[in-house]
Amino acid sequence: MKKHMKIIIPAAVGLLLVLILATIYMIKKNMPNKEKMPLAEYFGVEKDSNRAVLVVGDEITDADCIMEEDWAYIAFDYVKEHFNSRFYWDENENLLLYTTPTTEISVVPGEKDCLIGRSKESKDYVMAINEGSGIYVAADYIKEHTAFQYQIYKKPNRIVVINEFGMDKEYVKTKEECAIRYQKDIKSKVLKNEKEGARLRLLKKEDKDTGFCQVMEETGIIGYVKAKSLDKSYKDQDTTDFKAEKYTHILREDKVSLVWHQVTNQTANAGLSDILATAKGMNVVSPTWFKTSDNEGGVDASIASYDYVTKAHNAGIEVWGLCDDQSPDMKIGTVLESTSTRLKLVNNLVAKAIQYDLDGINIDFEYIKQESGEDFIQFIRELGIKCRTNSLVLSIDNYPLMDYNAYYDRAEQANVADYVIVMAYDEYHKNSEEAGPVSSIGYVRDSIESVLTEVPKEQVVIGLPFYSRYWQEKTKNGEVELSVESCSMNYTKQIVEKAGKEPVWDEQTGQNYLEYEEKGVIHKMWIEDRDSLELKMKAVSEKDLAGFAFWKFGLESKDVWNMITKYTG
């Protein structure tokens, strides 16, 4: 019996020990971790560094930021892309510019003074700083021009920004003391302990597998809290009293009906008489008078004529002088990349417009490269100020919107200028590798649809062609040799008569199509005539756009003008 007892006692002790160890294990397994994660580790920034983390909305960004005393500075590139695209940095002249509808503000990094137009104004903070890694803009300066609120927190440095207002966001309050954890697990480290009644932004509702919700608290910490520790969610909105300055536009009450008049010398100005005599339904003429003449912002206006403008005005026609960037003596990118030369170009253009009593300026810069896109838009902003001040209509010529030319930023053009003109022609051009139409109906419709994604319809003018292209294909050694020439409508009729073959209407392109073979050469032409032009004008009218522009006077046949008046009123 005693021997039997000796066996039972150790077994019981062992079982008890197992139970104790199992209990300890279960307690430890279900006991929340109380260890805190250092916030410097969480945000990835050194505690005593002058760098700062930027939290925008509910995202911890990788933006480069700096703290200088109690002022926060955010990397220029991030500011421009995410907060306000109208900030412009001129690296050549060490200037940070901001353009409003009425003036330009100029800041030199490291200074508290700025120029607003020609007037000096002082701030109680440095508006921009320039470190080795780039230019940084003060959060307070951003706030002056943007719907933007921020709060600074330290240890570690972080800038928490709100820049979305008037939108419902979901919030919760804690109903007990609780921990915000790094991960949705009670064993995860604690980022912050919250008291009862703390207000948190609810980012993700309860994960049924873990019982955790994702939340954000006001200092920029994003983590996880047990759903049972939270009250029911509610919606709230951030508000701002910021009011952006509004741009005004000079827009006609009737449809724009513009014809470009190619003028190459003073004698050619006499062609206005023919325009006034034949161009029915036209209310704007745009003579090609001005050229960017050098890399210093000069403008060649040697063929402009005050008498031309007076004659047009007497006939009730507005004159929008065209300026192009085709001079071989300059590079438009060089002119636009520096503020001083860019402003010289602006001032010279406006001075010429005033001198010749113009009603508007038409900018036809077709050689802007992608690296100069920001400079071009800044030029349009600056020119827009001067044009508004002097009651000049500002219109900008554009290729149809494609991915490769999106840097022309038609949306911003529409904000700061009056009309965005889309040249819905040269679908196939002299450098094309195959023959095709100048302007098929599909191309025009696509051009309309794409520009309307960026520009209000009341500012869209569609440019249409008065010309065709005559293609000739010759096969030599198994390869097709392609030649092409541009043809007026009347010359096109001569080609058709000489061919002795009747063109056939092509539904796909919305044009009469001519094709024939002669001496081993295939001749092709998609014909621009009264019928094809009317189809395009119908497409423009159906979208109730601002109007039409035609390239160029003298290439059309007289019969088109009666048709044009049907759509221009």
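One can find the structure itself at the top, above this paragraph.
Residues numbered from 1 in each chain as written. Predicted model: local features only at pLDDT ≥ 70, side-chain atom pairs only at ≥ 80, totals over all residues. Heavy atoms only, no water.

Asker: Please clarify how the overall build of the protein should be interpreted in this entry.
Answerer: Along its length, the protein carries 14 helices and 35 strands. Scaling as 2.2 N^0.38, a compact globule of 569 residues should have a C-alpha radius of gyration of about 25 Å, whereas the protein reaches 34 Å, well beyond that. If you line up the protein on its principal axes, its C-alpha atoms span 130 × 65 × 45 Å. Considering the protein as a whole, with its 569 residues, one finds that 51% of them fall into the buried category. Of the contacts formed within the protein by residues at least 6 apart in sequence, a portion of 67% connects residues at least 24 apart. Here the protein holds 71 positive side-chain charges and 94 negative ones, and the gap between their average locations is 10 Å. (Helix = DSSP H or I, 4+ residues; strand = E, 2+ residues; numbered from the N terminus. Rg over C-alpha atoms; globule rule 2.2 N^0.38 Å. Buried < 20%, exposed > 50% of the residue type's maximum accessible area, 1.4 Å probe, protein only. Contact = heavy atoms within 4.5 Å. Lys, Arg positive; Asp, Glu negative; His and termini not counted. Charge placed at Lys NZ, Arg CZ, Asp CG, Glu CD.)

Asker: Just checking my understanding: could you explain the nonpolar core for this structure?
Answerer: The nonpolar side chains of soluble globular proteins are, as a tendency, buried together. Counting residues in hydrophobic clusters, the biggest one holds 91 residues, and the most contacted among them are Ile363, Phe376 and Phe379. With six residues, the single largest contributor to this core is helix H9 (residues 373–389). Counting 39 residues, the second largest nonpolar core, distinct from the first, contains Ala52, Val126, Tyr136 and Ile159. (Core = buried A, V, L, I, M, F, W, Y, C linked by side-chain atoms within 4.5 Å.)

Asker: Looking at this structure, I do not really get the environment of Ile368. What am I missing?
Answerer: Along the polypeptide, Ile368 turns up in the loop between strand S26 (360–364) and H9. Owing to a relative accessible area of 5%, Ile368 belongs among the buried residues under this scheme. Taking the C-alpha atoms as reference points, Ile368 and Asp325, 43 residues apart in sequence, are found 8.7 Å from one another. Among residues more than four places away in sequence, those in contact with Ile368 are Asp325, Ile332, Leu336, Gly373, Phe376, Tyr407 and Tyr408.

Asker: What should I look at first to understand the environment of Lys386 in this one?
Answerer: Turning to its location among the elements, Lys386 is positioned in helix H9. Spatially, the C-alpha atom of Lys386 lies 7.7 Å from that of Val346, the residues being 40 residues apart in sequence. Each residue touching Lys386, except ones within four places of it in the same chain, is listed here: Val346, Asn347 and Val350.

Asker: What is the right way to look at the sheet that holds strand S34 (residues 521–527) in this model?
Answerer: Picture the strands of a sheet paired through backbone hydrogen bonds; they go either parallel or antiparallel. In spatial order, the strands read S31-S30-S34-S33-S32; together these five strands make up an open sheet with antiparallel pairing. The open sheet has two free edges, formed respectively by strand S31 (479–488) and strand S32 (504–506), since each of these has just one partner strand. Here the average twist between neighbouring strands, direction ignored, is 25 degrees. Inspection of the sheet shows strand S33 (residues 511–518) paired to S34 by seven bridges, in the antiparallel sense. Following the sheet pairing, Glu518 is matched in S34 by Val521. (Pairing = 2+ DSSP bridges. Axes fitted to C-alpha atoms, helices over the stretch in contact; angles between N-to-C directions.)

Asker: I keep staring at the state of the cysteines and nothing clicks. Help me out?
Answerer: Where two cysteines share a covalent bond between their sulfur atoms, that bond is called a disulfide. Scanning the entire structure with this criterion turns up zero disulfides. Unpaired in this structure, Cys323 has its nearest cysteine sulfur neighbour in Cys387, at a distance of 11 Å. (Disulfide = S-S within 2.5 Å.)

Asker: Looking at this structure, I do not really get the sheet that holds strand S5 (residues 87–90). What am I missing?
Answerer: Across the sheet, five strands lie side by side as S5-S6-S7-S8-S9; this open sheet has antiparallel pairing. Among the strands making up the open sheet, the edge pair consists of S5 and strand S9 (119–122). Within the sheet, the average angular offset between the axes of one strand and its neighbour, ignoring direction, is 25 degrees. Relative to strand S7 (residues 104–107), strand S6 (residues 95–99) runs antiparallel, the two sharing four bridges. When the sheet's bridge partners are listed, Leu97 is paired in S7 with Ser106. Seen against the sheet, H9 touches S5, S6 and S7 and runs at an angle of roughly 55 degrees to S6.

Asker: Sorry, what's going on with a negative patch on the surface here?
Answerer: On the surface, a cluster of negative charge is made up of Asp58, Glu59, Asp62 and Glu164. Position of Asp58 among the secondary structure elements: in the loop between strand S1 (51–56) and strand S2 (59–60). (Patch = residues over 30% accessible without salt bridge, like charges linked within 9 Å, V, L, I, M, F, W, Y side chains within 5 Å. Areas by Shrake-Rupley, 256 points an atom, 1.4 Å probe, with all protein chains shown as cover. Salt bridge = Lys/Arg side-chain N within 4 Å of Asp/Glu carboxyl O.)

Asker: What should I look at first to understand the pattern of salt bridges in this one?
Answerer: A side chain of one charge can pair with a side chain of the opposite charge if their charged atoms are brought near each other. Tallying each qualifying case throughout the model produces 28 salt bridges. Salt-bridge contacts for Glu318 lead to Arg252; the nearest nitrogen and oxygen are separated by 3.0 Å. On the criterion of sequence distance, the pair formed by Glu318 in strand S25 (residues 318–324) and Arg252 in the loop between strand S20 (234–236) and strand S21 (256–261) is long-range, its members being 66 residues apart. Here Arg252 falls in the partly exposed class, since its relative accessible area comes to 23%.

Asker: Which parts of the structure should I look at to understand the packing of aromatic side chains?
Answerer: Aromatic ring pairs: the centre-centre distance and the angle between the two ring planes describe each pair. Enumeration over the complete set of coordinates arrives at 24 aromatic pairs. Their ring planes at 75 degrees and their centres at 6.2 Å tell us that Tyr425 and Tyr467 sit as a pair that is edge-to-face. Pair noted here: Tyr425 is in the loop between strand S28 (419–423) and helix H11 (441–451) and Tyr467 is in strand S30 (residues 467–476), with a separation of 42 residues, a long-range link. Residue Tyr425 shares its accessibility class with Tyr467, and that shared class is buried. Aromatic rings pair up to connect Phe365, Phe376, Phe379, Tyr407 and Tyr408 into one cluster. Over the ring of Tyr171 we find Arg199, and its NZ or CZ is 3.8 Å from the ring centre. (Phe/Tyr/Trp six-rings, centres within 6.5 Å; stacked < 30°, edge-to-face > 60°. Lys NZ or Arg CZ within 6 Å of the ring centre and 35° of its normal.)

Asker: Hey, could you run me through H9 in this one?
Answerer: An α-helical segment advances 3.6 residues per turn. Residues three or four places apart therefore align on the same side. Between its first and last C-alpha, H9 extends 25 Å over 17 residues, near the 24 Å set by a 1.5 Å rise per residue. Along H9, 14 of the 17 residues are buried, which leaves the element largely enclosed by surrounding structure. Directly beyond the C-terminal end of H9, a positive phi value near 55 degrees is found at Ser391. (Expected span 1.5 Å × (residues − 1).)

Asker: Is there a simple way to explain helix H12 (residues 489–499) in this structure?
Answerer: What H12 keeps buried is the set Met489, Thr492, Ile495 and Val496. Take H12 and look down its axis: the buried residues cluster within an arc of 110 degrees, on one side only. Seen from the buried face of H12, the exposed residues on the opposite side, beyond 90 degrees, are Glu497 and Lys498. For H12, the secondary structure elements touched by its buried residues are strand S29 (460–465), S30, S31, S33, S34 and helix H14 (559–568). (Arc of directions from axis to C-beta.)

Asker: How do you make sense of unusual backbone geometry when you look at a structure like this?
Answerer: The phi angle of most residues is negative, glycine excepted, and most peptide bonds adopt the trans form. Residue Lys155 is joined to Pro156 through a cis peptide bond whose omega torsion reads 0 degrees. Omega for the peptide link from Trp551 to Lys552 comes to -15 degrees, which places this bond in the cis form. Looking at where Lys552 falls in the secondary structure, it is placed in the loop between strand S35 (547–551) and H14. The phi dihedral of Glu69 falls on the positive side, at around 55 degrees, and the residue is not glycine. When you line up the elements, Glu69 lands in the loop between strand S3 (65–68) and strand S4 (71–75). With phi around 55 degrees, Asp544 is a residue other than glycine that occupies positive phi space. Following the sequence through the fold, Asp544 ends up in the loop between helix H13 (530–542) and S35.

Asker: What is the right way to look at the packing of H13 against H14 in this model?
Answerer: When two helices pack together, their arrangement is given by the angle between the helix axes and by the axis-to-axis distance. Two numbers describe how H13 lies on H14: the axes approach to 10 Å, and their chain directions differ by 10 degrees. Viewed along their axes, H13 and H14 adopt a mutual orientation that is roughly parallel. On H14, the residues touching Arg530, Leu533, Glu534, Met537, Lys538 and Ser541 of H13 are Asp559, Val560, Met563, Ile564, Lys566, Tyr567 and Thr568. A per-class count over the contact of H13 with H14 returns six nonpolar, two polar and five charged. (Parallel < 35°, antiparallel > 145°, perpendicular 65-115°, else oblique. Nonpolar A, V, L, I, M, F, W, Y, C, P; charged D, E, K, R; others polar.)

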